[in-house]
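Below are the chains, spelled out letter by letter.
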Amino acid sequence: MVTEIRTINDESLDLANSLLLKGEVVAFPTETVYGLGAWAMSEEGIAKIYKAKGRPSDNPLIVHVCPGFDLSRIVRKIPESAQKLMDAFWPGPMTLIMPKNKAISDHVTGGLDTVAVRMPVDKSAMALLTRTGLPIVAPSANTSGRPSPTTADHVYEDLKGKIPLILDGGACQYGLESTIVDLTVDPPMVLRPGAITMEMLRKVLPDIVEDPTAAAGKSIPANVKPKAPGMKYRHYAPKGHLIVTDQPAAQIKEWMEADMKERPGENFGLIVSTEMADELKELGLIPNDKITVLILGSRSDKAAIAANLFDRLREADEFRLTWFYGEAFERTGMGEAIMNRFLKASAERRLLN
Ligand code: AMP
Ligand code: MG
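Description of the structure in this document. (Residues numbered from 1 in each chain as written. Chains lettered and ligands numbered in written order. Predicted model: local features only at pLDDT ≥ 70, side-chain atom pairs only at ≥ 80, totals over all residues. Heavy atoms only, no water.)

A few points about the sheet that holds strand β9 (residues 179-182)
To be explicit about the condition: What makes two strands pair is DSSP finding at least two bridges between them. What counts as a helix is a DSSP run of H or I of at least four residues, what counts as a strand is a run of E of at least two, and both are numbered from the N terminus. It only takes one pair of heavy atoms within 4.5 Å for two residues to be counted as in contact. Every axis in this analysis is a line fitted to C-alpha atoms, fitted for helices over the stretch in contact. Angles between the N-to-C directions lie between 0 and 180 degrees.
If you trace the 11 strands from one edge of the open sheet to the other, you get β1-β8-β2-β3-β7-β4-β6-β5-β9-β10-β11, paired in mixed fashion. Strand pairing shows two members of the sheet lacking a second neighbour, β1 (4-7) and β11 (209-210), which therefore form its edges. Where β9 meets strand β10 (residues 189-192), 3 bridges bridge the pair, whose relative direction is antiparallel. Within β10, the position partnered with V181 by the bridge is V190. Set on the sheet, helix α1 (residues 10-21) makes contact with β1, β2 (26-28), β3 (35-39), β7 (136-137) and β8 (165-168); between it and β8 the angle comes to about 145°. Relative to β8, helix α6 (residues 152-159) is tilted by about 165°, and along the sheet it contacts β1, β2, β3 and β8.

Structural notes on the packing of α6 against helix α10 (residues 302-318)
This is how it is decided: Angles are sorted into four bins: roughly parallel if under 35 degrees, roughly antiparallel if over 145, roughly perpendicular if 65 to 115, and oblique for all others. Crossings are assigned a handedness: left-handed for a near helix turned anticlockwise from the far helix by less than a right angle, right-handed for a clockwise turn. Note that Gly is not counted as nonpolar here; it falls among the polar residues with everything else outside the nonpolar set of Ala, Val, Leu, Ile, Met, Phe, Trp, Tyr, Cys and Pro and the charged set of Asp, Glu, Lys and Arg.
Packing of α6 against α10 brings their axes to within 12 Å, and their N-to-C directions diverge by 45°. Put simply, α6 runs oblique to α10. As α6 packs across α10, the resulting crossing turns out to be left-handed. For the pair α6 and α10, the contacting residues are H154, E157 and D158 in the first and D311, R314 and E318 in the second. Here the residues of the contact of α6 with α10 are counted per class, giving no nonpolar, 1 polar and 5 charged.

Concerning the packing of α1 against helix α5 (residues 123-132)
Across the interface, α1 lies against α5 with an axial gap of 10 Å and an inter-helix angle of 60°. In terms of orientation, α1 lies oblique with respect to α5. Two packed elements cross with a definite hand, and for α1 against α5 that hand is right-handed. Mapping the contact onto sequence places D10, L13, D14, A16, N17 and L20 in α1 and A127, L128, R131 and T132 in α5. Along the lines of polarity and charge, the residues of the contact of α1 with α5 split into 5 nonpolar, 2 polar and 3 charged.

Some remarks on the pattern of salt bridges
Operational definition: The term salt bridge refers to a pairing of a side-chain nitrogen on Lys or Arg with a carboxyl oxygen on Asp or Glu at a separation within 4 Å. Remark: exposure states derive from per-residue accessible area (1.4 Å probe, protein chains only) relative to the maximum for the residue type, with buried under 20%, exposed over 50%, and partly exposed in between.
Inspection of the entire model under this criterion finds 23 salt bridges. Between R146 and D317 there is a salt bridge, with its nearest N and O atoms 3.2 Å apart. Of the two residues, R146 is situated in the loop between β7 and α6 and D317 in helix α10; the sequence distance between them amounts to 171 residues. For the salt bridge of D158 with R314, the shortest nitrogen-to-oxygen distance reads 3.0 Å. Of this pair, D158 sits in helix α6 while R314 sits in helix α10, and the two are 156 residues apart along the sequence. As far as the burial class goes, D158 and R314 line up, both buried. Each of R146, E157, D158, K239, R314 and D317 takes part in one network of salt bridges that share partners.

Observations regarding the layout of surface pockets
The rolling of a water-molecule-sized probe over the atoms marks out the regions of remaining empty space. Here is the rule we go by: Here a cavity denotes grid points, spaced 1 Å and computed from the protein atoms alone, that fit a 1.4 Å probe unable to get out, and a pocket denotes an open set having protein on both sides within 12 Å along at least 5 of 7 lines; residues with an atom within 4 Å of a point are the lining. Grid points are joined across faces, edges and corners, and a volume is the space filled by probe spheres set on the points.
Approximately 710 Å³ is the volume found for the largest pocket. Forming the walls of the largest pocket are 46 residues, and the residues nearest its centre are R55, N59, P60, I180 and R192. Among the elements of the structure, β4 (62-64), α4 (106-109), β6 (114-118), β9 and β10 are those that each provide at least two residues to the lining of the largest pocket. The leading source of residues in the lining of the largest pocket is β6, at 4 residues. Classifying every residue of the lining of the largest pocket by side-chain character gives 22 nonpolar, 16 polar and 8 charged.

Topic: α1
Put simply, the test is: Any helix carries an expected span of 1.5 Å times its number of residues minus one. Comment: arc refers to directions from the helix axis out to C-beta atoms.
The end-to-end C-alpha separation of α1 is 17 Å, in line with the 16 Å expected for 12 residues at 1.5 Å each. When α1 is considered as a whole, its buried residues turn out to be S12, L13, A16, N17, L19 and L20. Mapping the buried residues of α1 onto a view down its axis gives an arc of 165°, with all of them on the same face. Residues of α1 that are exposed and point over 90 degrees away from its buried face: D10 and E11. Considering only its buried residues, α1 is in contact with β1, β2, β3, α5, β7 and β8. Residue G23 follows α1 closely and has a positive phi angle near 85°.

In structure tokens, the structure reads:
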């Protein structure tokens, strides 16, 4: 199959519409990451999503809808708490788990009695959803296990030859997947951190709690299962050995110098902030032609770090890094989502805080 990449205009949206109605899949941008979409009522389309991604069938999909969409078509009952969150944060990077109704197939929900729903704010996603008027199921448009795609090129890298169309709307604004909130439990629970942070959610629902299995870096008892089925899988993983650490530049330098003596066959690297790179320069570790330095952005700009994270993890593979250190960030605001993804991508953690 030839995979076309098209900019978004009336013609490409019409093509997307006809493909979706035929039971095909289409990749499209959102403000979080690129999604691989199918019409939520097309069993054929849904099956193609799982196949193209190599996604485990118990990992349910998020249904995307446009403003004005009648939620009673897919949701059995809208909890009051859900309505409050929708009023505050939709359209936007927040997914709500609500009781599903019969129109939503078990293949969308992985057999669960609940359905995940989101109304994206990105103008390209909005254009596709309003033009088609369809509810569109869409997981991230990557091969399962790889970093989520934040550009059309990332989607092409993973899915070329497997899907007919990628709508190209440029780089994603946030670059991390949506915040997921479960409103079928009391108190409401955040299953996956994202750009809508705990602080923001608490202002609307003061009693909201965080699924302890979703919180970054906290120790999780082995018998506790994450509530969002997808969170149990290893994710975002580059091929090499990524060590995420919150230790200072001097410690990273010491480890790296020892590694370079003891592991001469490795391809070394760093995924760090501009500030950390400056400190490592002052200490004399870099520049070094044996160490590839991938910069995430300034520590003071968490939005930039989030937006760059998946791209830098993909670059680590392009540079064939086999042994590299990643800098941990403070878990305030977007930092919680950044660390959730970074730690899931890592092979090893060296964290004191
Ligand atoms: P992705 O679209 O790749 O961001 O993955 C969607 C995420 O939403 C996965 O982690 C799923 O496990 C989660 N999810 C989807 N539907 C539900 C649901 N009904 N209950 C809990 N989690 C869900
Ligand atoms: Mg995903």
